[in-house]
Number of protein chains: 2
Amino acid sequence: MSDKHSVGVVSPQRAHFAEPIQLASGATLAAYDLVYETYGRLNADRSNAVLVCHALSGSHHVAGHYADNPKNVGWWDNLVGPGKPLDTDKFFVVGVNNLGGCYGSTGPGSINPATGKPYGADFPVVTVEDWVESQARLADRLGINQWAAIIGGSLGGMQALQWSLEYPERVRHALVIASAPKLTAQNIAFNEVARQAILTDPDFHGGNYYEHGVVPARGLRLARMVGHITYLSDDQMGEKFGRQLREGVLKYNYDVDFEIESYLRYQGDKFAGFFDANTYLITTKALDYFDPARDFGGDLKAALARASAKFLLVSFTTDWRFAPERSREMVYALLHNNREVSYAEIDCNAGHDSFLLDDAQYHAVMGAYLHNIAV
Amino acid sequence: MSDKHSVGVVSPQRAHFAEPIQLASGATLAAYDLVYETYGRLNADRSNAVLVCHALSGSHHVAGHYADNPKNVGWWDNLVGPGKPLDTDKFFVVGVNNLGGCYGSTGPGSINPATGKPYGADFPVVTVEDWVESQARLADRLGINQWAAIIGGSLGGMQALQWSLEYPERVRHALVIASAPKLTAQNIAFNEVARQAILTDPDFHGGNYYEHGVVPARGLRLARMVGHITYLSDDQMGEKFGRQLREGVLKYNYDVDFEIESYLRYQGDKFAGFFDANTYLITTKALDYFDPARDFGGDLKAALARASAKFLLVSFTTDWRFAPERSREMVYALLHNNREVSYAEIDCNAGHDSFLLDDAQYHAVMGAYLHNIAV
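Residues numbered from 1 in each chain as written. Chains lettered and ligands numbered in written order. Predicted model: local features only at pLDDT ≥ 70, side-chain atom pairs only at ≥ 80, totals over all residues. Heavy atoms only, no water.

As for the nonpolar core
Here comes step 1: Within the largest apolar cluster, 249 residues are counted, with the highest numbers of intra-cluster contacts made by A:Leu86, A:Trp163, A:Tyr280, B:Leu86, B:Trp163 and B:Tyr280.
Here comes step 2: Apart from the residues lying within four places of it in its own chain, the contact partners of A:Trp163 are A:Leu51, A:Val132, A:Gln135, A:Ala136, A:Ala139, A:Trp147, A:Ile150, A:Pro168, A:Arg170 and A:Val171. (Core = buried A, V, L, I, M, F, W, Y, C linked by side-chain atoms within 4.5 Å. Buried < 20%, exposed > 50% of the residue type's maximum accessible area, 1.4 Å probe, protein only. Contact = heavy atoms within 4.5 Å.)

Below is the structure:
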């Protein structure tokens with residue numbers, strides 16, 4: 001993509017919410033900040049706004065780059081920009097860092113006004129419902145009564161779905177990509193390994209590591225390594241790394257033998273260098289807890305009856321973390337309720353991470369759907 | 001199974017080997033012990049001996065129980081005994097703890113005669129080839145020139161296969177269960193996460209934790225947790241645990257919410273309480289390194305041309321760690337060499353762990369094959 005398809009230089013903005021927010025856990029935050037970015041222009045009748053919800057490690061920085069750091073490109077820049085599938089010449093796009101995050105919105109690393117110290121372990125567990133509630137207040141602040149679309153992949157897709165249930169009248173289209181109506185036992189199990197890696201790291205200090213001048217980097221690194229395996233497909237790992245040796249010979253020790261080991265260590269180290277461990281814990285819990293059918297005796301059809309939006313669901317054939325089968329469950333439940341649903345199962349070998357990639361078929365589907373949205 | 005189908009009370013035996021063994025790594029062990037058990041009686045012409053090779057966490061204690069600990073039943077007791085598929089009325093069965101193990105054979109926790117301290121980090125990495133070599137010496141010691149059969153599941157299956165390549169004339173039948181001719185990148189990746197959990201545990205002390213009076217229990221626990229997820233199938237986890245809550249309510253903290261979390265923590269804690277972390281490291285390396293086609297330019301057909309045994313291969317439909325596809329690769333390569341091969345793909349929902357279970361179809365196949373072996 002040439003520069004004319006980039007939103008260019010962007011700046012994060014900050015909204016402060018002084019009204020207390022009651023969370024699903026029963027806890028209350030007296031006040032909070034949300035950091036967000038916007039691309040494109042809100043039209044006169046405020047009908048072209050699109051909210052992009054982020055997944056586990058994402059942020060409000062969805063597209064473009066920063067003036068002082070041109071290499072820091074938004075995580076969904078291949079999708080969002082002038083002439084791109086989510087066309088900023090047509091839409092006003094909003095990216096927001098979720099509550100509990102570590103990119104500027106109020107989270108466990110923020111100063112707790114009640115103590116003057118970082119929240120740490122005192123930061124409450126937040127849920128997908130809480131995020132939707134906090135995002136709805138941001139929408140109010142921005143004067144957006146109804147989103148033309150809410151889009152998210154993975155955990156972001158859960159937020160798009162939850163929006164359609166919690167505020168049906170505020171969502172015209174929900175794009176739920178590589179997502180699921182709830183995690184499986186295996187999904188929860190992988191999250192639990194990640195959490196235990198963090199929680200049992202001696203540098204975790206019960207979540208109050210900020211005061212000790214350390215971070216639980218070992219645990220966070222392991223969490224990312226195991227997570228990363230589940231984001232890729234077995235096939236793709238085989239094609240990309242196979243059994244290729246880093247230095248051509250077996251070393252008979254515990255240094256790197258295989259390229260895949262080097263790759264995983266690199267991914268783990270990089271992540272542990274910037275992400276907040278408490279945010280990781282909170283976010284995996286939000287994933288585990290999400291289950292809109294819970295209050296309907298497990299009946300997803302009943303749970304989705306509230307939605308009035310039109311839907312696009314997309315899944316990827318090699319995604320074993322959020323398999324196509326899980327998207328189909330949502331499709332069936334929505335069709336049962338006579339909702340308008342488009343569904344695409346994209347043949348892409350990149351596993352769960354496919355939703356972040358510039359796959360031609362995938363982007364064609366997204367572009368066509370978004371093109372047809374009237375604003 | 002009633003008692004008459006048990007081998008009853010058994011006792012481990014110890015064989016000392018004073019001849020140095022040259023390992024694949026280039027290192028040499030000046031001497032070593034192997035601990036083993038035997039069930040049934042070696043017949044007069046020594047033609048009824050069966051070697052059972054163990055997988056990652058197994059041992060020489062394959063069947064029966066100990067007089068002073070009746071609850072310590074062998075890990076493959078459902079398969080091995082009088083009238084069982086591996087019938088000890090017919091066969092003389094040998095189980096052996098592998099070199100580098102932690103159940104009595106010489107391993108990283110053993111005293112290094114050169115220093116008077118535990119080997120720890122000085123214990124060399126050993127390979128499947130090394131195990132076969134050390135087991136061959138045990139066979140010599142027991143007067144077994146040729147095994148009627150060598151049987152193993154998972155990593156044990158790799159040993160059975162390697163025996164058929166390294167000593168074709170000493171193996172009449174190789175039973176390779178839930179195994180693979182080499183690990184995939186994804187398999188190696190999971191092993192690497194497990195190793196990194198151990199290696200970065202502050203209690204690991206570079207492998208010399210014995211001298212510090214600690215064990216890297218946190219790392220070993222995580223290693224087991226992540227391993228355990230891969231031993232079970234997604235389906236079975238869903239059926240057994242699903243999203244069942246331990247105490248009926250979400251806790252909004254990092255205690256146990258879901259049953260699967262409780263189960264994994266229990267498995268991790270239990271394992272970390274008795275298994276040796278260095279043995280875990282060594283054993284995962286043996287898994288990663290196994291690749292008999294490596295010396296044949298990756299051509300498995302060429303690699304297996306040396307084998308002259310008859311083969312039974314068994315895989316399980318829901319085993320995603322050692323998928324049926326991996327067994328089929330071996331079947332095709334053996335058939336290409338005009339070897340006699342039986343292959344069964346068992347419909348069992350228990351994932352990789354199926355090979356340890358008393359599945360009727362599986363045991364029927366094993367029993368029928370073993371029944372037909374002439375001794």
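With respect to the packing of aromatic side chains
Here comes step 1: All told, the structure shown has 39 aromatic pairs over all chains when counted by the stated rule.
Here comes step 2: The interplanar angle of 40° and the centroid separation of 4.7 Å between the aromatic rings of A:Phe241 and A:Tyr263 together place this pair among those described as tilted. Of the two residues, A:Phe241 is situated in the loop between helix H5 (234-240) and helix H6 (259-272) and A:Tyr263 in helix H6; the sequence distance between them amounts to 22 residues. Residues A:Phe241 and A:Tyr263 agree in their burial class; the two are buried.
Here comes step 3: Measuring from centroid to centroid gives 4.4 Å for B:Tyr209 and B:Tyr210, while their planes differ by 35°, and the two rings are tilted.
Here comes step 4: Linked through ring pairs, A:Tyr103, A:Phe271, A:Phe274, A:Phe275 and A:Tyr280 together constitute an aromatic cluster. (Phe/Tyr/Trp six-rings, centres within 6.5 Å; stacked < 30°, edge-to-face > 60°. Helix = DSSP H or I, 4+ residues; strand = E, 2+ residues; numbered from the N terminus.)

Focus on the packing of helix H4 (residues 217-231) of chain A against helix H3 (residues 185-199) of chain B
Between two packed helices, what matters for the description is the angle formed by their axes and the separation of those axes.
Here comes step 1: The geometry of H4(A) relative to H3(B) is characterised by a closest axis approach of 10 Å and an angle of 170° between their N-to-C directions. Between H4(A) and H3(B), the angle falls in the class roughly antiparallel. Mapping the contact onto sequence places A:Arg221, A:Leu222, A:Met225, A:Val226 and A:Ile229 in H4(A) and B:Gln186, B:Ala189, B:Phe190, B:Glu192, B:Val193, B:Gln196 and B:Ala197 in H3(B).
Here comes step 2: In terms of residue class, the contact of H4(A) with H3(B) is built from eight nonpolar, two polar and two charged. (Axes fitted to C-alpha atoms, helices over the stretch in contact; angles between N-to-C directions. Parallel < 35°, antiparallel > 145°, perpendicular 65-115°, else oblique. Nonpolar A, V, L, I, M, F, W, Y, C, P; charged D, E, K, R; others polar.)

Some details on the interface of chain B and chain A
Here comes step 1: Facing the 54 residues of chain B at the interface are 54 residues of chain A.
Here comes step 2: When chain B packs against chain A, the two sides together hide about 4700 Å² of surface, and 67% of this comes from carbon and sulfur.
Here comes step 3: Seen at the junction of chain B and chain A, the total is 10 salt bridges.
Here comes step 4: A salt bridge links A:Arg195 to B:Glu261; the shortest N-O distance between them is 2.7 Å.
Here comes step 5: The interface formed by chain B and chain A holds 20 residue pairs in polar contact (both at pLDDT 80 or more) in total.
Here comes step 6: At the level of elements, H3, helix H4 (217-231), helix H5 (234-240), helix H6 (259-272) and helix H7 (277-289) of chain B are the ones that each hand at least two residues to the side of chain B that touches chain A.
Here comes step 7: Ranked by residues supplied to the side of chain B that touches chain A, first place goes to H3(B) with 11 residues.
Here comes step 8: In terms of residue class, the side of chain B that touches chain A is built from 28 nonpolar, 10 polar and 16 charged. (Buried area = accessible area lost by both parts, 1.4 Å probe. Salt bridge = Lys/Arg side-chain N within 4 Å of Asp/Glu carboxyl O. Polar contact = N/O pair within 3.5 Å; in protein donor to acceptor, adjacent residues only side chain to side chain.)

What to know about the pairing of strand E12 (residues 171-177) of chain A
All names here are of chain A.
Here comes step 1: In terms of burial, E12 is largely enclosed, as six of its seven residues are buried.
Here comes step 2: As defined by bridge partners, strand E11 (residues 147-153) adjoins E12 across six bridges and the pair is classed as parallel. Directly across from Ala-149, in E12, lies its bridge partner His-173. (Pairing = 2+ DSSP bridges.)

Some words on the pattern of salt bridges
Here comes step 1: Across all of its chains, the model carries 40 salt bridges over all chains by this definition.
Here comes step 2: Among the salt bridges present, the one from B:Arg218 reaches B:Asp201, with a minimum N-O distance of 3.2 Å. In this pair, B:Arg218 sits in helix H4 while B:Asp201 sits in the loop between H3 and H4, placing the two residues 17 residues apart along the sequence.
Here comes step 3: Judged by its relative accessible area of 27%, B:Arg218 is partly exposed.
Here comes step 4: Of the residues examined, B:Asp201 reaches a relative accessible area of 5% and is grouped as buried.
Here comes step 5: A salt bridge links B:Asp203 to B:Arg218; the nearest nitrogen and oxygen atoms lie 3.1 Å apart. You can see B:Asp203 sitting in the loop between H3 and H4 and its partner B:Arg218 sitting in helix H4, a full 15 residues away along the chain.
Here comes step 6: Among the charged side chains, a network of salt bridges with common partners joins A:Glu192, A:Arg195, A:Lys285, A:Asp288, B:Asp257, B:Glu261 and B:Arg265.

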